[in-house]
Amino acid sequence: MGEHGAADDLPEITQLFDEYLETREQGGAPDLEDLVRRAGPSGEELRRRIALYERLHDVAGSGPAGAEAIPAVLGRFRILAAAGEGGLGHVYLAHDPELGRRVALKVLAPGITIDRRERAWVLNEARALARIEHPNVVRVFEVGQTDGRDYVVLEHLPGPPLAGVIAELRRMRDERDETDRLAAGGSRPEARILAEALLPFSARVECLVKLARALAFCHDHGILHRDVKPANVVFDEHREPRLIDFGLAHGPGSDEDTKLDITQRLVGSPAYVAPEQVESGRTGADPKSDQFSFAVVCYELLALENPFRRSSRTTTLDAVARADPPPPRRIDAAIPLDLERVVMHGLAREPDHRYPDLTAFAADLSAVLEHRPIGIAELSLVHVLRLWLRRNRRAVVLGVGAAVAIALLLGGQWLLAARSERAGLLARCAEIETDSPTRDEDYERQLRELNGLGDDARRFDASRLHRVLFGEVVPRWREVAEHLARRLGSTVRERMAAAGEQDLAFQHATWRRLVDLEAALLPEFDLDRDLRDRGLVGIRPADRRGRSTMLLQEDFVPRAFDGMGFFTWFRPIDAIARPVEGRYQYIVWDEEDDSSTYHVIPFVVRDEWEAAREFSVVVPRAALAARSILLPRAFQPVPPPSIPFGDRDYSILLQDAPEGARGIVIPAVRIMAQPVTGRDFRAFLADTGGDPSLLYRRERDESEPAWTSASSALAFARWAGGRLPNTLELTLALRCAAIDIRLTPSGAPGPLSPHPQTGKPVAWATIGGEWIDDLIAGYGSDQATFVGHREFLANFAAGGIPSAELFPVHFDLNETITTGLVRDPEERHYQGGIGFRLVFPADSPAVLSGVLRGQ
C-alpha cells in the first residue's frame, strides 16, 4: 500500500511474485535478478516486495538458509499457513479456537524493518473496520499484541481478488480457440469460475451495485476508503464481493491522518486516484475522490481495460489529471449506453460534476440493471463540444486545415474513380452487345455476365451524386439485356422448329435453363413470355376463384398374383407449376362447401417443356351423373408380391384391414351402370364440332353403347366432367352387381364384307369390351387401356384380377375402330366393339387425401 502500493494492481508483479513463492515452496532457489529483469519498469517494486517477504519470513521462522520455521502457535492462534503478503503486514491463515473458525491474521513484529507509517497503517485499518458492519465489507474481529508482535484478526476471504477476475475475463476475451484456452495457463480455477459467472454485463452491474452500496455505507458512517481498486475487492466463499484493505482509510476526526501523514501526501495507486488529488498532490478526505476511484473500477470491470494506466507512474498521473478517458463502448460496443453514461458521470474531471454521493451512483446502477431511466440528464451536444474544444483547441485548428486538404484530394480521386468505373461498365455493355452467341454455353456465359453487370450498374446508380454528375448506367444495361433476350428467344424457336422438321430430340432441358436465367434477369420482359410459360399446367384464373385444388400423380402398385405386373394408382403430391412427364389428376372443390369433390381433371404430361396448358372446371353433366350409382369406399386386399418390384416403397399406399390383410382402400365413386350410348356421344360431337366418324357402330341404334377410340373416350370424359374407371373400380362394381356388361357374340372371322365407311373388304368378329383408365394391359392410345368383357368376367368368376395376357390386343384397335382401315385386304382381322363408361368422385377431398396417402 501507500506510495509503494502503486504496483499492487499490476498483474505482472503478482504473477512473478507467485512464481517466486512457488519456487521457494518446491525447495528451489529463485533467480532474483531474472525475475527483476522480467518485471521491466516494475522490477524495483518486485525487488522491494520480495525483500519485505524475506524479512517477514525470517521473523516468522521459515526463512531460507537455516531460518526457524513458522511458529505453530501465535498467542492463542494456531498458524495453518502463510497466506501471502497483505500489502503492509504479513498475513497468515490461522485457526482461532475462541471463535471456532479460520481467520486472516495480519502480523507486524518488532524485528521487521518497516517505517513508522506502515506499522500505523495496519492498526488504522483495524480502527476503521471496527466502526462498520456491512455484508460487503471485510470484518475485523480483534486487535492485539502478543510476544511483542502487533496483530489484527480479520475475516478470512478464500476467493480471488477482483483484479484477478478482471485479468481472467481479459484472457477469455482474447482467446481465439480451444488451443489458446488450454495454452493460457496460470489462471486460478476459482478466478476462472468467477470470470465465467461475470461474463454477462448484468452480473457485473449487480456486483458493482453491491460495492457501491458498501462504499456508501462506509461514507455514511464517516469512513473514507481512499484506496478503492480491484486488488482491494476480494470474493468470499459465497462469491460475494467484499471491500478490504482500509489501511489508508479516513475516519471521524483528523488526528490519525496527521499521525499517519496520509491526507497531506499523495498515497494510493496512481491509476485509481482522482484528478483533484493529483493536482493538489494530496490524498485529501473528499468522498467524491472515493467515487472517482470506484468509477475507475466500474470502467475496468466493464471494458476490461484501465482508462488511465500508462507505462510509468508519472505518465499515469498525467493521464488522470487530464481525466479524458475514451468511452467504454468504444472498447466494447456491447456495453449498454445508459451504463456508459453512469460510469462516465462518475469519472467527471470536476468533483461537482459527479454524483452527489455513492448512494446516487448505486441508484443509477440499479436503474440500469432493472431497465429503468437513470437519474442523470443527458449532456447537450453544445456542452460536449465546448468541453472538447477547450481541451483540443490547437489540434482542432490543425485538424480542420488538414481535413480540408484531404477532402479536396479525396474528392478529386473520387471523381476520377467514378468516371473510370462508369466508362468500364459501358464498355462491358458494348462488348456483350456486339458478341453473337451461337452455342448454349455462349448464351449461359453472357447471361451470367449480364447478371453481374446489372448488380454493378445498380450499385453505381444507387449514388444520387453519380446520377447527377455522370448519368445513369442501368438504362444502357437494360437495353443490352433485352437485345440478348430477343436473340435467345429467336435461337430457341429456330432450334425447336429444326428439331421438329428433322425428327430429332430437342434439348429442352438446356434451353429451358437458359430461358429461366433470362426470366430472372428481366422478369418484366414480355416478348419471350410463351417460352417462359412452357411446361406450366394449371386451372384457368377465372375457375380458381372460390375453389381449392389437389394434385394427384400416377403411381404403380405391384400385383400380387404374378409378381410382375402392377396396378395404376394416383397419389397426392405437392402442387407444382411444371410437372414432370407422367399422368396426373386435378381434384377441384368449392372452398365454401368441401363436403364432396367438385370435379376431376385428368391430364398427361409427355414433355416437361411442352406448351403451357390451362384447364377449365366442368360441372358434371347432370344427365350422365343421374345414371350413375354410388360405390362405397372399399378395401382391396393386395398381399406382398412374390417377386420384389424394384426398390420402390409402396407402404404409403397400402393399409391394414381390420383382419390384418394388406391392401388398398378404394375411394367412393359414382359409376355409370350402363356404358355411354351413341346418343350421348352424338350430343358430345354436336357440342364440340367433332367428326361423326369418330363414333363407329354397324347398327344405328342410338341406345346401344357408343363404340369409339380411346382418345375420343377420354375427350368425352373431359367434356362430361368425369373420368374412365380403373380395374379395381370396375371389379368392385361387378361384385356389387351395380353395372351391366353386355357380351357381344364372338367367334371365328366370317367371310370378307365391305367396311361401312371405306367399302374395303374386312373380316368381322366382334369382341365386347370397354376402355378403362389403367395400365394393367400396357399403354394404349392416349394412355387408356382396353379390357375385354368376356375374359374379364371369366377371370372375375375365378376370383382373380385380369392380367395383360388375357387380352387379345395384338393390333392397333384405336386405328381399326377409328378408320376401319386394314393393311392387307386379304388378311382377316378382329374388329371389336369397344365402349366406355364414366365415374364421378364421391369422397370429400380430406377423405380422398387420407385414403390415398394410406393414413
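Residues numbered from 1 in each chain as written. Predicted model: local features only at pLDDT ≥ 70, side-chain atom pairs only at ≥ 80, totals over all residues. Heavy atoms only, no water.

Colleague: Mind showing me how you'd approach the overall build of the protein here?
Modeller: From N to C terminus, the protein includes 30 helices and 25 strands. For the protein, buried positions account for 48% of its 855 residues. Residue pairs at least 24 apart in sequence account for 67% of intrachain contacts in the protein once pairs closer than 6 positions are excluded. With an accessible surface of roughly 40,900 Å², the protein has 53% of that area assigned to carbon and sulfur atoms. (Helix = DSSP H or I, 4+ residues; strand = E, 2+ residues; numbered from the N terminus. Buried < 20%, exposed > 50% of the residue type's maximum accessible area, 1.4 Å probe, protein only. Contact = heavy atoms within 4.5 Å. Areas by Shrake-Rupley, 256 points an atom, 1.4 Å probe, with all protein chains shown as cover.)

Colleague: What is the right way to look at the packing of aromatic side chains in this model?
Modeller: Aromatic ring pairs are described here by two measures, namely the spacing of the ring centres and the angle between the planes. Inspection of every chain in the model, using the stated rule, returns 17 aromatic pairs. Chaining the aromatic ring pairs together yields one cluster made of Phe681, Phe684, Phe716, Trp719 and Phe836. Looking at Arg101, its charged tip hangs above the ring of Phe141, at a distance of 4.1 Å from the centre. Its end group placed over the ring of Trp719, Arg621 keeps NZ or CZ at 4.0 Å from the ring centre. (Phe/Tyr/Trp six-rings, centres within 6.5 Å; stacked < 30°, edge-to-face > 60°. Lys NZ or Arg CZ within 6 Å of the ring centre and 35° of its normal.)

Colleague: Hey, could you run me through empty space enclosed by the protein in this one?
Modeller: If a probe the size of a water molecule is rolled over the atoms, the empty space left behind becomes visible. Applying the stated criterion to the full structure yields 5 cavities of 30 Å³ or more. What the largest cavity holds in volume is close to 240 Å³. The set of elements that each furnish at least two residues to the lining of the largest cavity consists of β11 (566-573), β12 (582-590) and α30 (845-852). Considering each element in turn, the lining of the largest cavity owes the most residues, 3 residues, to β11. Here the residues of the lining of the largest cavity are counted per class, giving 12 nonpolar, 3 polar and 4 charged. Quantified by volume, the second largest cavity comes out at close to 100 Å³. Residue lining of the second largest cavity: 16 residues in total, with Arg226, Asp227, Gln277, Asp290 and Ser293 positioned closest to the centre. Of all the elements, helix α11 (residues 287-303) adds the most residues to the lining of the second largest cavity, at 3 residues. (1 Å grid on protein atoms, 1.4 Å probe; cavity = no way out; pocket = protein on both sides within 12 Å on 5 of 7 lines; lining within 4 Å. Points joined across faces, edges and corners; volume = space filled by probe spheres on them. Nonpolar A, V, L, I, M, F, W, Y, C, P; charged D, E, K, R; others polar.)

Colleague: How should I be thinking about unusual backbone geometry in this particular structure?
Modeller: In this model, Arg239 sits at a positive phi of 65 degrees, which is unusual for a non-glycine residue. Relative to the elements of secondary structure, Arg239 occurs in the loop between β7 (233-235) and β8 (241-243).

Colleague: I keep staring at the packing of α11 against helix α14 (residues 337-346) and nothing clicks. Help me out?
Modeller: Between two packed helices, the angle of one axis relative to the other and the distance separating the axes together describe the packing. At a closest axis distance of 8 Å, the pairing of α11 and α14 adopts a crossing angle of 145 degrees. The handedness of the crossing between α11 and α14 comes out as left-handed. Every residue of α14 that contacts α11 at Gln291, Phe292, Ala295, Cys298, Tyr299 and Leu302 is listed here: Leu339, Val343, Met344 and Gly346. Across the contact of α11 with α14, the residue classes break down as 8 nonpolar, 2 polar and no charged. (Axes fitted to C-alpha atoms, helices over the stretch in contact; angles between N-to-C directions. Left-handed = near helix turned anticlockwise from the far one by under 90°.)

Colleague: Looking at this structure, how should I read the confidence of the model for the protein?
Modeller: Regions with low pLDDT carry predicted coordinates that are not meant to be interpreted in detail. When pLDDT is averaged along the protein, the result is 75, and 69% of the positions lie at 70 or above. Here residues 743-753 is a poorly scored stretch, pLDDT under 50, and it has 34 contacts once near neighbours within four places are set aside; other chains count. Counted against residues more than four places away or in other chains, residues 800-831, with its pLDDT under 50, gives 74 contacts. (pLDDT = per-residue confidence, 0-100.)

Colleague: It is not clear to me how the sheet that holds strand β25 (residues 839-841) should be interpreted in this structure. Could you clarify?
Modeller: Picture the strands of a sheet paired through backbone hydrogen bonds; they go either parallel or antiparallel. One open sheet accounts for 3 strands, arranged β15-β19-β25; its pairing is antiparallel. In this open sheet, the two edge strands, each paired with only one partner strand, are β15 (628-631) and β25. For this sheet, the mean angle separating the axes of adjacent strands, direction not counted, is 25 degrees. Pairing of strand β19 (residues 669-672) with β25 involves 3 bridges; the strand directions are antiparallel. Each residue of the ladder has a partner; that of Ile671, found in β25, is Val839. The strands touched by helix α27 (residues 727-735) are β15, β19 and β25; relative to β15, the strand with the most contacts, the crossing angle is about 95 degrees. (Pairing = 2+ DSSP bridges.)

Colleague: Hey, could you run me through the pairing of strand β6 (residues 149-155) in this one?
Modeller: Consecutive side chains along a regular strand alternate between the two faces of the sheet. Across the 7 residues of β6, 7 count as buried, placing the element largely inside the fold. Relative to β6, strand β4 (residues 101-108) runs antiparallel, the two sharing 6 bridges. Following the sheet pairing, Leu105 is matched in β6 by Val153. Where strand β5 (residues 140-146) folds back onto β6 in an antiparallel hairpin, the turn is made up of 2 residues, including Asp147, whose phi is positive at roughly 55 degrees.

Colleague: Help me understand helix α26 (residues 710-720) in this model?
Modeller: Because each turn of an α-helix spans 3.6 residues, side chains separated by three or four positions in sequence point in the same direction. For α26, the buried fraction is high: 8 of the 11 residues fall into the buried class. Considered for burial, the residues of α26 that qualify are Ala710, Ser712, Ala713, Leu714, Phe716, Ala717, Trp719 and Ala720. Among the residues trailing α26, Gly721 stands out with phi positive, at a value near 80 degrees.

Colleague: Would you mind showing me how to read the pattern of salt bridges here?
Modeller: A pair can form between side chains of opposite charge whenever their charged atoms are brought close. Taken as a whole and assessed by the stated rule, the structure comprises 47 salt bridges. Of the charged contacts in the structure, one is a salt bridge between Arg448 and Glu444, with a shortest N-O distance of 3.1 Å. Taken together, the residues Arg448 and Glu444, both in helix α18 (residues 440-461) and 4 residues apart, mark about one turn of the helix. With relative accessibility at 48%, the residue Arg448 sits in the partly exposed group. Ionic pairing is found between Arg633 and Asp843, a salt bridge with its closest N-O pair at 2.8 Å. On the criterion of sequence distance, the pair formed by Arg633 in the loop between β15 and β16 (634-637) and Asp843 in the loop between β25 and α30 is long-range, its members being 210 residues apart. For Arg633, a relative accessible area of 43% translates into the label partly exposed. By relative accessible area, Asp843 is classed as buried at 8%. Look at the salt bridges and you will find they share partners, linking Glu133, Arg139, Glu155, Asp236 and Arg242 into a network. (Salt bridge = Lys/Arg side-chain N within 4 Å of Asp/Glu carboxyl O.)

Colleague: Honestly, the environment of Glu240 in this entry has me stumped. Any pointers?
Modeller: Note that Glu240 resides in the loop between β7 and β8. Along the chain, Glu240 and Leu157 lie 83 residues apart, while their C-alpha atoms are 9.9 Å from each other. Apart from residues lying up to four places away in sequence, Glu240 is in contact with Asn136, Lys210, Val234 and Phe235.

Colleague: Looking at this structure, I do not really get the environment of Val605. What am I missing?
Modeller: Mapped onto the fold, Val605 is located in strand β13 (residues 599-605). Owing to a relative accessible area of 4%, Val605 belongs among the buried residues under this scheme. Distance in space between the C-alpha atoms of Val605 and Pro579 is 7.2 Å, their sequence separation being 26 residues. Every residue in contact with Val605, bar those within four places of it in the chain, is listed here: Pro579, Val580, Glu581, Gly582, Tyr584, Glu610 and Arg613.

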